[in-house]
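# Structural overview
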Amino acid sequence: MNDSSWGAPRGAGYWGTPEMGAAPAGPAYDMHGAQQTRPMPIVPDAPDAGRDDADDRDGEATHVSGPLFRDEVPQEPMTAPVPTPPPSAPPKKRAGRDLRAAIGVGVGLGVVVFASLFVVKAVFVGVVALAVVVGLWELTSRLEERKGIKAPLVPLAVGGAAMVVAGYARGPEGAWVAMALTALAVLVRRMTQPPEGYLRDVTAGVFAAFYVPFLATFVALMLAADDGAWRVLTFLILTVVSDTGAYAVGWRFGTHKLAPRISPGKTREGLFGAIGFAMAAGALCMEFLIDGGSWWQGLLLGLAVAASATLGDLGESMIKRDLGIKDMGTLLPGHGGIMDRLDSLLPTAPIVWLLLVLFVGSG
């Protein structure tokens, strides 16, 4: 506020007394010319809320804390920049399974197979039949859990075991007869249940009978030859070496995916590793384990085994992707289920049996 706001006359002094030569005027003076009232003292303006006293003393504009308008955004206080941590090194490649458990289980299975194979052939036939029954149980269980498909397990298990025994005892004709009877048993067994889903269930049952026990029967057919133990050993060595070569080379050098939509972990480099390892092992096995065999036959045999083992692995991966699972079971630590070990063996068995018959005869 200033003085004029209180209505003081222009000619008055600071305290309202008339200046020299100026006539008194206004209500502040009576008829005697004496001052009757005292002028109101000048009161300094009250500081606004949030005003800085130092700014008032300097006559500068006041500063109010906070934004002056609602749409103003207060500035964040400046802070020291946070140092960016250096980029971490890329993680090292690691195996997707417990290698110690996988190696231990693999060695244990190898001991059982070799002991039964070279001691009593009938015991090895029993081992194959047991693996077939467990594989059928895993497959039918996953089908029912994930898809609601109820393939009858009892006729599949009985017929599958009979198929393996018939192949060893009666040859290919016995295997085909057992396969036909197993399919018929699946059709009849499913008739005891409601008709809804009948075609779906029996189709899955016939597929399971062909996929697991019928293909496994060719192992029994190889065993039935005079040098059957060595033929089966060659079959097992080539399949295992093919898988090992694919894993070792693919893990170390794999960059180009082989079938990313089916099995993202498989690479073209791994396939070349499987072919190279299997061909080398085939040449050695045909030269030293199979009577009448030749190294060049082993090269062809190894190439065929690498192709069939890879296709078999991809085929089971396709089934597991359709079911939405990683493994068929958990029976074998580090490996998954029995079917996860039979995936490359099953389609390879008829290939090896056929090529050995062509190269050195049925024995």
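### A few points about the overall build of the protein chain
- The helix and strand tally for the protein chain stands at 10 helices and 2 strands.
- What you see in the protein chain, going N to C, is helices and strands ordered as α-α-α-α-α-α-β-β-α-α-α-α.
- The contacts of the protein chain with a sequence gap of at least 6 include a subset with a gap of at least 24, amounting to 67%.
- Accessible surface computed for the protein chain: about 22200 Å², of which carbon and sulfur atoms make up 66%.

### So, the packing of helix α5 (residues 198–223) against helix α10 (residues 345–360)
- It is the contact of α5 with α10, at a shortest axis distance of 8 Å, that shows an interaxial angle of 35°. Crossing angle aside, the handedness with which α5 passes α10 is left-handed. Counted together, Y211, V212, L215, A216, F218, V219, L221 and M222 of α5 and L346, P347, A349, P350, V352, W353 and L356 of α10 form the full contact between these two elements.

### As for the nonpolar core
- Formed by 59 residues in total, the largest nonpolar core has its most connected members in F124, V219, M222, V232, F235 and L301.
- Aside from chain neighbours lying at most four places away, what touches F124 is V113, S116, L117, V219, L223 and V232.

### Brief notes about the environment of L314
- With respect to the helices and strands, L314 occurs in helix α8 (residues 295–323).
- In this structure L314 comes out as buried when scored by relative accessible area, which is 13%.
- When the C-alpha atoms of L314 and I262 are compared, they prove to be 6.7 Å apart, with 52 residues separating the residues in sequence.
- If we ignore the near neighbours within four places in the chain, the residues touching L314 are A259, I262, S263 and K266.

### A look at the side chain of T310
- Residue placement: T310 occurs in helix α8.
- A relative accessible area of 15% means that T310 is categorised as buried.
- Residue contacts for T310: discarding those within four places in its chain leaves L258 and L271.

### Things to note about the pattern of salt bridges
- Applying the stated criterion to the full structure yields 8 salt bridges.
- With a shortest N-O distance of 2.7 Å, R190 and D201 are connected by a salt bridge. Of the two residues, R190 sits in helix α4 (residues 153–190) while D201 sits in helix α5, which places them 11 residues apart along the sequence. Comparing R190 with D201, the two get one shared label, buried.
- Note that D313 is salt-bridged to K266, the shortest N-O span being 3.3 Å. Of this pair, D313 sits in helix α8 while K266 sits in strand β2 (residues 263–267); the two residues are 47 residues apart in sequence, bridging distant segments of the chain.
- A single network of salt bridges, built from pairs that share partners, joins R190, R200 and D201.

### Quick notes on a nonpolar patch on the surface
- On the surface, a nonpolar cluster with roughly 430 Å² of combined accessible area is contributed by V177, L181, L184, L187 and V188.
- Relative to the assigned elements, L184 resides in helix α4.

### Focus on the packing of aromatic side chains
- Counting across every chain of the model gives 7 aromatic pairs.
- Between the aromatic rings of W176 and F214, the centroid separation amounts to 4.7 Å while the plane-to-plane angle is 50°, which identifies the pairing as tilted. Of this pair, W176 sits in helix α4 while F214 sits in helix α5; the two residues are 38 residues apart in sequence, bridging distant segments of the chain.
- We classify F214 as buried; its relative accessible area is 5%.
- An aromatic cluster of three or more residues is present, and its members are W176, F210, F214, F218 and W353.

Cut-off values and rules
Residues numbered from 1 in each chain as written. Predicted model: local features only at pLDDT ≥ 70, side-chain atom pairs only at ≥ 80, totals over all residues. Heavy atoms only, no water. Helix = DSSP H or I, 4+ residues; strand = E, 2+ residues; numbered from the N terminus. Contact = heavy atoms within 4.5 Å. Areas by Shrake-Rupley, 256 points an atom, 1.4 Å probe, with all protein chains shown as cover. Axes fitted to C-alpha atoms, helices over the stretch in contact; angles between N-to-C directions. Left-handed = near helix turned anticlockwise from the far one by under 90°. Core = buried A, V, L, I, M, F, W, Y, C linked by side-chain atoms within 4.5 Å. Buried < 20%, exposed > 50% of the residue type's maximum accessible area, 1.4 Å probe, protein only. Salt bridge = Lys/Arg side-chain N within 4 Å of Asp/Glu carboxyl O. Patch = residues over 30% accessible without salt bridge, like charges linked within 9 Å, V, L, I, M, F, W, Y side chains within 5 Å. Phe/Tyr/Trp six-rings, centres within 6.5 Å; stacked < 30°, edge-to-face > 60°.

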